[in-house]
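Structure at a glance
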Amino acid sequence: MVASIESTVGTERKVVTALPGPKSQELHARRKAVVSAGVTVGFPVYIDRAEGAIIVDVDGNHILDLGSGIAVTSIGHAVPELVKAVSEQVAAFTHTCFMVTPYESYVQVCEELSALTPGTHEKRTALFNSGAEAVENAVKIARHATGRQAIIVFDHAYHGRTNLTMALTAKNMPYKDGFGPFAPEVYRVSMSYPFRDGRSGAEAAEFAIKQIETQVGAKNVAAILIEPIQGEGGFIVPAEGFLPALSAWTKANGVVFIADEIQSGFGRTGAWFAVDHEGVVPDMVTTAKGLAGGMPLAGVTGRADLMDAVHEGGLGGTYGGNPVASAAALASINFMRDRNLLERAGVLGDTITTVLTNLAQDVTIIGEVRGRGAMIAMELVEPGTTNPNAAAAKSIVKYCNDRGVIALACGTYGNVIRLLPPLVITDEQLADGLAVLSDAVRAAN
Ligand SMILES: *Cc1c(COP(=O)(O)O)cnc(C)c1O
């Protein structure tokens, strides 16, 4: 059991104004005059402070967080251990650039990543600032190490918004539309999507591998890049056996298997990494989001022979592995271990799955409840069909927001509601959030 966090913020959801409240509305008007319209906001309440699973806005509303800032603050907001580690590091030094004069915390984060990522083989890590940057670098390293160019990605994939990662990402709107031309030598094949393709894991893998072999040619492929559970694409969990079969194919063909665990990693699914559930050992793993408790940090961890194939000076960046972010990662990892948050993720997942599965019996718009650990979603459909129901997702998010609960939509078709609660959420808070969510689903049905 996770100890609840004592604080002045308290542990209860409490809505005291219409949402967004007057101060938030004022800030939102100011925002429109200076912030690019390209940067949108789902729920325009402006935040003053946060603790645990509760976020307090500038109007004094206490909002229950079921999104963790998109799977980032898995350890909860304002964890004292993290605050202390970050504060001490800020006071000591904030930046030297690891490529100019290094420091221990960067090395410690790499030691942790070597130990926590799957496989006992020798590994190396390079640290960066964002998920997209980690993915770009994983691709750079795989190409350099193999001398090949083609990168295989999947339907519904999300890998970021930079030029290369836009090419790797599947969905046009809003990520890619009008932002091309995109980077070449990126090939998209079919994802295992049990709810929609009806294929077993082995069949889906055979189908994808045929696409690769006929359309690209195994010997041209540098890497397969895959989210073991797709995040933005709709929390799509591939059928059992899909990932192991792809992994076996990459081994047989000298192809680098890159697991993008930026959303699914760091305890979210009840294991350190989502591939752990099927015993898959990737050649490279990208991490970010849940890695550093809200500080921007990302990593590429991979086989030593691949990571060291790059010439000296070939990898880096001014801020990569920033000391404050590194201190945050170390505090966050220790906190996860001390509080058994992986185990807690499993318990949360069981509770959420039970509630949503029961709810699905009473309503006609839930097509599927799926996910692992504290990464659970429901895919919404038009009653009696598998046709995506994005309108329902929209109205459910709004219903929750109006009552001070943060819920996130996702999915290629915009019809998936995903839950990514902080792993420190209490049983009472989760029950409260699920009650609001259930009412929202009934109202949309
Ligand atoms: C969020 C995400 C990224 C991109 O991370 P940023 O830090 O936003 O650049 C890449 N891959 C996956 C799977 C993600 O969920």
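Residues numbered from 1 in each chain as written. Predicted model: local features only at pLDDT ≥ 70, side-chain atom pairs only at ≥ 80, totals over all residues. Heavy atoms only, no water.

Strand order in the open sheet formed by four strands is β1-β2-β3-β13, with mixed pairing between adjacent strands. The open sheet terminates on both sides in strands that have one partner only, identified here as β1 (47-51) and β13 (405-406). The sheet contact formed by β1 and strand β2 (residues 54-57) spans four bridges and is antiparallel. When the bridges of β2 are listed, alanine 50 appears paired with isoleucine 55. (Pairing = 2+ DSSP bridges. Helix = DSSP H or I, 4+ residues; strand = E, 2+ residues; numbered from the N terminus.)

The subject of this paragraph is the domain arrangement of the chain. Along its sequence, the chain is organised into domain 1 (22-65 + 340-444) and domain 2 (83-338). One can count two salt bridges joining domain 1 with domain 2. Put simply, glutamate 379 and arginine 196 hold a salt bridge, and the shortest N to O gap is 2.6 Å. Counting the contacts that link domain 1 with domain 2 gives 16 residue pairs in polar contact (both at pLDDT 80 or more). Elements represented by at least two residues in the side of domain 1 that touches domain 2 include exactly α12 (341-362), β11 (366-372), β12 (375-380) and β15 (416-419). Element by element, the count of residues in the side of domain 1 that touches domain 2 is highest for β11, at five residues. (Domains from an automatic or database assignment. Salt bridge = Lys/Arg side-chain N within 4 Å of Asp/Glu carboxyl O. Polar contact = N/O pair within 3.5 Å; in protein donor to acceptor, adjacent residues only side chain to side chain.)

Most peptide bonds take the trans form, and the phi angle of most residues other than glycine is negative. Cis geometry marks the peptide bond from leucine 19 to proline 20; its omega dihedral reads -5°. On the secondary structure map, proline 20 appears in the segment before α1 (22-34). Backbone geometry at alanine 78 places phi at a positive 50°, although glycine is not the residue there. Residue position: alanine 78 is located in the loop between α2 (68-71) and α3 (80-92). One non-glycine residue, cysteine 97, lies in positive phi territory at about 75°. Overall, cysteine 97 belongs to the buried group, its relative accessible area being 8%. (Buried < 20%, exposed > 50% of the residue type's maximum accessible area, 1.4 Å probe, protein only.)

This next bit is on the pattern of salt bridges. Pairs can form between side chains of opposite charge once their charged atoms are near each other. Under the defined criterion, the tally for this structure stands at 18 salt bridges. Residues arginine 339 and glutamate 81 are paired through a salt bridge, measuring 3.3 Å at the closest nitrogen-oxygen approach. One end of the pair, arginine 339, is in the loop between α11 (323-338) and α12; the other, glutamate 81, is in helix α3, with 258 residues separating them in the sequence. Residue class for glutamate 81 comes out partly exposed when judged on its relative accessible area of 36%. The salt bridge partner of aspartate 283 is arginine 303, with a shortest N-O separation of 3.0 Å. Placement of aspartate 283 in the loop between β8 (256-260) and β9 (284-287) and of arginine 303 in strand β10 (residues 298-303) is noted, with a sequence separation of 20 residues between them. You can call arginine 303 partly exposed: its relative accessible area is 27%. Counted as one network, the salt bridges with shared partners bring together Arg196, Glu368, Arg370 and Glu379.

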